[in-house]
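A structural walkthrough
Chain by chain, the residues run as shown.
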Amino acid sequence: MRKIQTYLLPITFFCIIFGGFVVHVLTVDRPQSEMENRALASANITPSPQEIFSGDWSKQVETYISDQFPARDTWMRNYVNFQRTVGKTYLNDKYAVDDNSGWIISKPAAAKPEEELASFASDLQRLSEGLAEKQIPFTFYSLPAKATYSREPSPSYMPDDAGIANNTKLHELVTAAGVDNIRLYNDMQDDFSAERNFYKTDHHWTIRGAYSGYEALIHTLSERLGETIAPIPYDEAKTFCLPNQFAGSWNKILYMTVDNDEQICYNEPASFASQFTIYDGTIEEGVTAPYEAVYGRAKQMSADAVVNYAEAYSRDFAELTIVNDNYDSDKHLVVIKDSYFNTIQFHVASHFKTLTILDLRYLEKDIIPYLQNMQPDYVILAYNDRNLKLMPE
């Protein structure tokens, strides 16, 4: 009996380790984490001698085991719930949650070093000057981000967020660099509501917030073009919402542990479905896509499907060209954008003969000569105000 007790602990330990190894080997690796919206590590089974002796391979193995651990999402969801139970303020060191309202608030941003902001301003200056060589006008737009303007409800002891100060300083540097720029919040602030404009559990704006941004963008762009372009009036009666559960980006990072009743809504003219010819890439490449395959794919999903922001509105394309049959301006507008623009891309497209949308995260081209060769009538760069680099994150 004593001999059995002596060997019981090491045998149990070996069984757990070996059993875990077998389960890990038999579990199919996942290429992507739907919750974290990132690629998961894959196994490097042929490491180089340099990787082995430098220690890089052991780090790769550690990351691989962590990313591909069996039932990882369940473990991570339980860990988030544990953090909430013990009263941790920032879950996963990222977000605070108000359980009464369902609002997720991001951890406050620190003040950015002026060198970092100046680097972005310098990139914008180079872009503006490169376009000016071909007489192509350029304007930088910063769009109000949820993380910057939705700071309540939050614990009273939470530090102040530096997002507004960072954005203000950036625009000062961009102005000093001679680059035309618009802080879009200034044109939206008279009727600005964080509760109306942003999702509770996602970092993007709602259709109502996006529409306010679209109206302000068109007003300011109309002035710069010297043309009378009026945004499509917002009509609440045209708003319709889907019954699907919404998987907000921040809620996904918290493994969908925050209950919410948010809805995916749309407000668009019926003509949008037929008035555009849409190219996935350039017109010359000739790859067309129907409107419903680009915008609002969630409308075609079953009512019980859980829908994320990209499915609700539009995924990110490296390059999208929209040719409009019923335009106000015969101009060719180029928009360099992040995902905030996705919601309103067809609203903006409805005013111009041609709209080219570029996403530098996926476009594998040198942007200045590419735009010089394209010869558009106007170029804008529209990023949410948390993106402080030419290559958005």
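Our structure's up above, just so we're on the same page.
Here goes a summary of the coordinates provided.

What counts as what
- Residues numbered from 1 in each chain as written.
- Predicted model: local features only at pLDDT ≥ 70, side-chain atom pairs only at ≥ 80, totals over all residues.
- Heavy atoms only, no water.
- Buried < 20%, exposed > 50% of the residue type's maximum accessible area, 1.4 Å probe, protein only.
- Helix = DSSP H or I, 4+ residues; strand = E, 2+ residues; numbered from the N terminus.
- Pairing = 2+ DSSP bridges.
- Contact = heavy atoms within 4.5 Å.
- Axes fitted to C-alpha atoms, helices over the stretch in contact; angles between N-to-C directions.
- Disulfide = S-S within 2.5 Å.
- Core = buried A, V, L, I, M, F, W, Y, C linked by side-chain atoms within 4.5 Å.
- Patch = residues over 30% accessible without salt bridge, like charges linked within 9 Å, V, L, I, M, F, W, Y side chains within 5 Å.
- Areas by Shrake-Rupley, 256 points an atom, 1.4 Å probe, with all protein chains shown as cover.
- Salt bridge = Lys/Arg side-chain N within 4 Å of Asp/Glu carboxyl O.

1. What about the pairing of strand β13 (residues 352-358)?
Within β13, six of the seven residues are buried, which leaves the element mostly enclosed by the surrounding structure. Direction of pairing for strand β11 (residues 319-324) relative to β13: antiparallel, over a ladder of five bridges. Opposite Glu319, over in β13, you have Leu358 as the bridge partner. When strand β12 (residues 329-337) meets β13, the two strands line up parallel, connected through six bridges. Bridging across to β13, Leu333 finds its partner in Leu355.

2. A few points about the sheet that holds β11
Taken in spatial order, the eight strands line up as β6-β5-β14-β12-β13-β11-β9-β10 in an open sheet, and their pairing is mixed. One side of each edge strand has no neighbouring strand; the edge strands of this open sheet are β6 (181-183) and β10 (288-289). Bridge count between strand β9 (residues 276-280) and β11: five bridges; the pairing is antiparallel. Looking at the pairing, Ile278 lines up with Ile322 of β11. In the packing of helix α15 (residues 367-374) onto the sheet, contacts are made with β11, β12, β13 and β14 (378-384), and the angle to β12 comes to roughly 170°.

3. Points about the state of the cysteines
Working definition: the covalent bond between the sulfur atoms of two cysteines is a disulfide. Evaluated as defined, the whole model comprises one disulfide. One disulfide bridge connects Cys241 with Cys265, the sulfur atoms lying 2.0 Å from each other. Its S-S torsion of about 100° marks the bond between Cys241 and Cys265 as right-handed, since a negative value means left-handed. Taken as a pair, Cys241 in strand β7 (residues 240-241) and Cys265 in strand β8 (residues 265-266) lie far apart in primary sequence, 24 residues in all. With a relative accessible area of 33%, Cys241 lands in the partly exposed category. For Cys265, a relative accessible area of 12% corresponds to the buried category.

4. Quick notes on the nonpolar core
By size, the foremost hydrophobic cluster in this structure holds 58 residues, and its most contacted members are Tyr141, Trp205, Leu221, Tyr313, Leu333, Phe346 and Val348. Per element, the largest residue contribution to this core is nine residues, and it comes from helix α10 (residues 207-225). Those residues in contact with Leu333 that lie beyond four places of it in its chain are Leu221, Val348, Phe352, Thr354, Leu355, Thr356, Tyr378 and Ile380. If you look at the next biggest cluster of nonpolar residues, it comprises 26 residues, including Phe138, Leu170, Val179 and Val379.

5. Focus: a nonpolar patch on the surface
A contiguous nonpolar surface patch, about 350 Å² in accessible area, is contributed by Ile52, Phe53 and Trp57. Positionally, Ile52 belongs in helix α2 (residues 49-54). The exposure class assigned to Ile52 is partly exposed, which follows from its relative accessible area of 43%.

The analysis is restricted to geometry; functional conclusions fall outside its scope.
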